[in-house]
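Commentary on secondary and tertiary structure
Spelled out from the first residue to the last, the chains are:
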Amino acid sequence: LPAPAPRQTPVRAMTIAGSDSGGGAGIQADMRTMAMCGVHGCVAVTAVTVQNSLGVSGFSAIDPAVVADQMRSVVSDIGISAAKTGMLASSAIIESVAATASELGIGRDTPIPLVVDPVSASMHGDKLLADDAMDALRSVLIPKATVVTPNLDEVRLITGIDVTDDTSQRAAAEKLHAMGAQWAVVKGGHLRSSDQSVDLLYNGDVFHSFPYPRIDTGDDHGAGDTLAAAITCALAHGRSVPEAVEFAKGWVSRCLEWAYPLGAGHGPVNPLW
Ligand code: PLP
């Protein structure tokens, strides 16, 4: 993606997401990817997690009205050409983000595309979204998504479909599209049976398949955030959704190759310094 010239105002995008004190995932991963992709990243913080390489030991959610005000403040002055959501913590925050996105003209069928990464738990299984928030995700946020990017655990929680092969992966993409997402990316990275990681993209019309060799590393903290952030960056630069997903898959593959150990647990993907 093109880098801005010196003193030129870059393309802007906003992440609406949680902070990772360990610096591996969440806002910290999004901001690094945005910087490396020539995008000025703005932030609406939704939650502050207490986290290191071993997992998330707690979090404090931000007042939903303050999340909305961060979004309004950024859009009214700085302006953005794409946005993404990550950890949203509660149904109250999901409802606030969805309503504010409508108010500000962010989401599918608007000039500002919205990438919804339906974060529900960390790789260690720590909950990042309240159990009762799944309904709000399905009914108010997914219908606003230009692109929704669940992994297979999130697919099961959202659609009830257990993806085990190509056929069920397609069925999951169709269901996410039927819920109102313009495009659904069903990430195959958690399908441990395959030596490839195949992501499937669907918009109600055509399926696009993105096969990449599986990269074997335990240091993959923040990979999902990084994929969604890279899609957001490519959209902010004016790329189409299939082009953005193609770019983001290549980006995350390289980030996984460069991932490094950190602490005693899982290290983060490296955003390619
Ligand atoms: N912490 C925050 C704030 C996140 O947004 C996410 C993922 O989206 C995670 C942790 C979990 O990342 P991982 O699944 O790589 O552990």
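Predicted model, so just to flag it, every value in this text is computed and none were measured.

Our next topic: the overall build of the protein chain. If you tally the helices and strands in the protein chain, you get eight helices and nine strands. Taken over the C-alpha trace, the protein chain has a radius of gyration of 17 Å; the compact-globule value for 273 residues is 19 Å, and the two agree within 12%. Projected onto its principal axes, the C-alpha positions of the protein chain cover 50 × 40 × 40 Å. Pairs at least 24 residues apart make up 68% of the contacts formed inside the protein chain by residues separated by at least 6 positions.

Our next topic: the site of the ligand. Taken together, 18 residues are adjacent to the ligand, and Gly18, Ala25, Gly26, Ser122 and Met123 come closest. Listed by contribution, the elements that provide at least two residues to the shell around the ligand are β1 (11-20), β2 (39-52) and α7 (223-236). Partitioning the shell around the ligand into residue classes produces seven nonpolar, nine polar and two charged.

Here we take up the environment of glycine 265. When you line up the elements, glycine 265 lands in the segment after α8 (241-257). Separated by 213 residues in sequence, glycine 265 and asparagine 52 place their C-alpha atoms 8.1 Å apart. Ignoring any residue separated from it by four or fewer positions in sequence, one finds glycine 265 in contact with Ser53, Leu54 and Gly55.

A few words now on the packing of helix α2 (residues 64-77) against helix α3 (residues 91-104). At a minimum axis distance of 8 Å, the contact between α2 and α3 shows a crossing angle of 25°. The angle between the axes of α2 and α3 places the two elements in the roughly parallel class. Here α2 and α3 pass one another in a crossing that is right-handed. Packed against α2, whose contacting residues are Pro64, Ala65, Val67, Ala68, Met71, Arg72 and Val75, the element α3 presents Ala92, Ile93, Ser96, Val97, Thr100 and Leu104 at the interface. The class makeup of the residues in the contact of α2 with α3 is ten nonpolar, two polar and one charged.

Two elements in contact, α7 and α8, have axes whose closest approach is 8 Å; the angle formed by their N-to-C orientations is 140°. Taken as axis vectors, α7 and α8 run oblique relative to one another. The handedness of the crossing between α7 and α8 is right-handed. Side by side, α7 and α8 meet where Ala223, Thr226, Leu227, Ala230, Ile231, Ala234 and Leu235 of the first sit next to Glu243, Ala244, Val245, Phe247, Ala248, Trp251, Val252, Cys255 and Leu256 of the second. Within the contact of α7 with α8, the residues separate by chemical class into 14 nonpolar, one polar and one charged.

As a further point, take α2. Because each turn of an α-helix spans 3.6 residues, side chains separated by three or four positions end up pointing in the same direction. In this model, α2 (14 residues) spans 21 Å end to end at C-alpha, consistent with the 20 Å of a helix rising 1.5 Å per residue. For α2, the set of buried residues is Pro64, Val67, Ala68, Met71, Val74 and Val75. What you see down the axis of α2 is that its buried residues fit within an arc of 130°, all on one side. Across from the buried face of α2, at angles greater than 90 degrees, the exposed residues are Ala65, Ser73, Ser76 and Asp77. In this structure, the buried side of α2 is in contact with β1, β2 and α3. In the segment just after α2, glycine 79 is the residue with positive phi, at about 80°.

Here we come to the sheet that holds strand β4 (residues 83-85). With respect to topology, nine strands assemble into an open sheet ordered β3-β2-β1-β4-β5-β6-β7-β8-β9, the strand pairing being mixed. The open sheet has two edge strands with one neighbour each: β3 (55-61) and β9 (207-213). Strand direction decides the pairing type here: β4 and strand β5 (residues 114-116), joined by three bridges, are parallel. Its bridge partner being in β5, lysine 84 is matched across the sheet by valine 115. Relative to the sheet, α7 contacts β1, β2, β4, β5 and β6 (147-148), its axis offset from that of β1 by approximately 165°.

So, on to the environment of leucine 262. By the secondary structure assignment, leucine 262 is in the segment after α8. Beyond its immediate sequence surroundings of up to four residues, leucine 262 is in contact with Ser53, Gly267 and Pro268.

Within helix α5 (residues 152-159) the residues assigned to the buried category are Leu152, Glu154, Val155, Ile158 and Thr159. Taken down its axis, α5 places every buried residue within 150° of arc, on the same side. Those residues of α5 hidden inside the fold are in contact with α4 (134-141), α6 (166-178) and β7 (183-186).

What follows concerns unusual backbone geometry. In this structure, alanine 89 takes a positive phi of about 70° despite not being glycine. Considering the arrangement of structural elements, one finds alanine 89 in the loop between β4 and α3. For leucine 272, which is not glycine, the phi dihedral falls at a positive 70°. In this structure, leucine 272 sits in the segment after α8.

Cut-offs used in this document
Residues numbered from 1 in each chain as written. Predicted model: local features only at pLDDT ≥ 70, side-chain atom pairs only at ≥ 80, totals over all residues. Helix = DSSP H or I, 4+ residues; strand = E, 2+ residues; numbered from the N terminus. Rg over C-alpha atoms; globule rule 2.2 N^0.38 Å. Contact = placed C-beta atoms within 7 Å. Near = placed C-beta within 6 Å. Nonpolar A, V, L, I, M, F, W, Y, C, P; charged D, E, K, R; others polar. Axes fitted to C-alpha atoms, helices over the stretch in contact; angles between N-to-C directions. Parallel < 35°, antiparallel > 145°, perpendicular 65-115°, else oblique. Left-handed = near helix turned anticlockwise from the far one by under 90°. Expected span 1.5 Å × (residues − 1). Buried ≥ 20, exposed ≤ 12 C-beta atoms within 10 Å, placed from the backbone. Arc of directions from axis to C-beta. Pairing = 2+ DSSP bridges.

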